[in-house]
Amino acid sequence: MNNKDRALKIAELLLTVKAVKLQPNKPFTWASGIQSPIYCDNRITLSHPQVRTHIRQMMSEAVIENFGKPDVIVGVATGAIALGVLVAQELGLPFIYVRSSAKEHGRQNLIEGAFENGQRAVVIEDLISTGGSSLKAVEALREGGINVKGLMAIFTYGFESASRNFNDAQCPYHTLTNYEELLEKALSSNYIEKKELSLLREWRQDPKNWLKK
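Residues numbered from 1 in each chain as written. Predicted model: local features only at pLDDT ≥ 70, side-chain atom pairs only at ≥ 80, totals over all residues. Heavy atoms only, no water.

> Help me understand the overall build of the protein, please; the structure alone is not making it clear to me.
In terms of regular secondary structure, the protein is built from 7 helices and 10 strands. In terms of overall dimensions, the protein is globule-like: its C-alpha atoms have a radius of gyration of 17 Å, near the 17 Å expected for 213 residues. Here the C-alpha coordinates of the protein stretch approximately 55 × 35 × 30 Å along the principal axes. Split into buried and exposed, the 213 residues of the protein put 45% on the buried side. (Helix = DSSP H or I, 4+ residues; strand = E, 2+ residues; numbered from the N terminus. Rg over C-alpha atoms; globule rule 2.2 N^0.38 Å. Buried < 20%, exposed > 50% of the residue type's maximum accessible area, 1.4 Å probe, protein only.)

Following this line, the structure appears as structure tokens:
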């Protein structure tokens, strides 16, 4: 399966199980206060065995294609821990994960699991927005002596700020599908109407001021 076919298939699965919802005329409100025509919760895929299996296989293939086989797979807490475990299992690799903040008791770990200095790692995420939380995890891993080869995620909104942030951090990243391919699949499957496309695309260009124009 080539990258385009894979991206459209993943988009189809996300729409089918309602991990992604598109409501341009009845927008969602994110925690940040941003009004958005899209809501994404890829953890829902874990509840659907066939979808979960397909994503596990596609993610594992993409890791090898883009970064080669690493020494360890890393999940980012909490949304990507389960997905990271699935990928690690598929590839027969060790798994560790990065907390959003260090524990306040015990060993006060930020990185959980067994790892060694200099190991090559690929980080697994479920979703990329601006990349802030993902890159915080990458920084923690690098400070812990781990060689981060890059990051893989299921989906990205495709914000320019994310590209800049990953570039500044010198961390390559790839996703199984993205916002444009999601819209393409949504249109071809009659999930949305053609007249809604421009509204959906306008949002990504300026999310904060989307409804103020």
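That covers the picture; the talk isn't over yet.
> Where do I start with the side chain of Arg-6 in this structure?
Within the secondary structure layout, Arg-6 lies in helix H1 (residues 3-16). Of note is the side chain of Arg-6, whose polar atom sits 2.7 Å from the side chain of Asn-3. The residues touching Arg-6, leaving out its near neighbours within four places in the chain, are Met-1, Met-58, Glu-61, Ala-62, Glu-65 and Leu-176. (Polar contact = N/O pair within 3.5 Å; in protein donor to acceptor, adjacent residues only side chain to side chain. Contact = heavy atoms within 4.5 Å.)

> Is there a simple way to think about the sheet that holds strand S8 (residues 120-128) in this case?
Pairing between the strands of a sheet comes from backbone hydrogen bonds, and it takes one of two forms, parallel or antiparallel. Taking strand neighbours across the sheet as the criterion, the 6 strands line up as S7-S6-S5-S8-S9-S10 in an open arrangement whose pairing is mixed. Edge positions in the sheet fall to strand S7 (111-112) and strand S10 (173-178), since each has one partner strand and no second. Bridge count for strand S6 (residues 95-98) against S7 is 2 bridges, and the pairing is antiparallel. Residue pairing across strands places Val-98 opposite Ile-111, the latter belonging to S7. (Pairing = 2+ DSSP bridges.)

> Could you clarify how one ought to interpret the environment of Val-87 in this entry?
Structurally, Val-87 can be placed in helix H3 (residues 81-91). A relative accessible area of 0% places Val-87 in the buried class. As for Val-87 and Ile-55, which are separated by 32 residues in sequence, their C-alpha atoms are 9.0 Å apart.

> Help me understand the pairing of strand S9 (residues 147-156), please; the structure alone is not making it clear to me.
With 8 of its 10 residues buried, S9 lies for the most part within the structure. Bridge analysis of S8 against S9 gives 8 bridges, and the strand direction is parallel. When the bridges of S9 are listed, Ile-128 appears paired with Thr-156. For the crossover from S8 across helix H4 (residues 132-143) to S9, the handedness is right-handed. Here S9 runs beside S10; their pairing, made up of 5 bridges, is parallel. Across the sheet, Phe-155 pairs through a bridge with Thr-177, a residue of S10. Where the polypeptide runs from S9 across helix H5 (residues 160-168) and back to S10, its parallel neighbour, the crossover connection is right-handed. (Right-handed = clockwise from strand over helix to strand, strands pointing away.)

> Honestly, the pattern of salt bridges in this entry has me stumped. Any pointers?
All chains considered together, the criterion is met by 10 salt bridges. The salt bridge involving Arg-120 is made with Asp-71; its shortest N-O contact spans 3.0 Å. Taken together, the positions of Arg-120 in strand S8 and Asp-71 in the loop between helix H2 (49-67) and strand S5 (72-76) put the pair 49 residues apart, joining distant regions of the chain. Residue Arg-120 is classed as partly exposed on the basis of its relative accessible area of 35%. A salt bridge links Glu-180 to Arg-201; its shortest N-O distance comes to 3.2 Å. Taken together, the positions of Glu-180 in helix H6 (residues 179-188) and Arg-201 in helix H7 (residues 197-205) put the pair 21 residues apart, joining distant regions of the chain. (Salt bridge = Lys/Arg side-chain N within 4 Å of Asp/Glu carboxyl O.)

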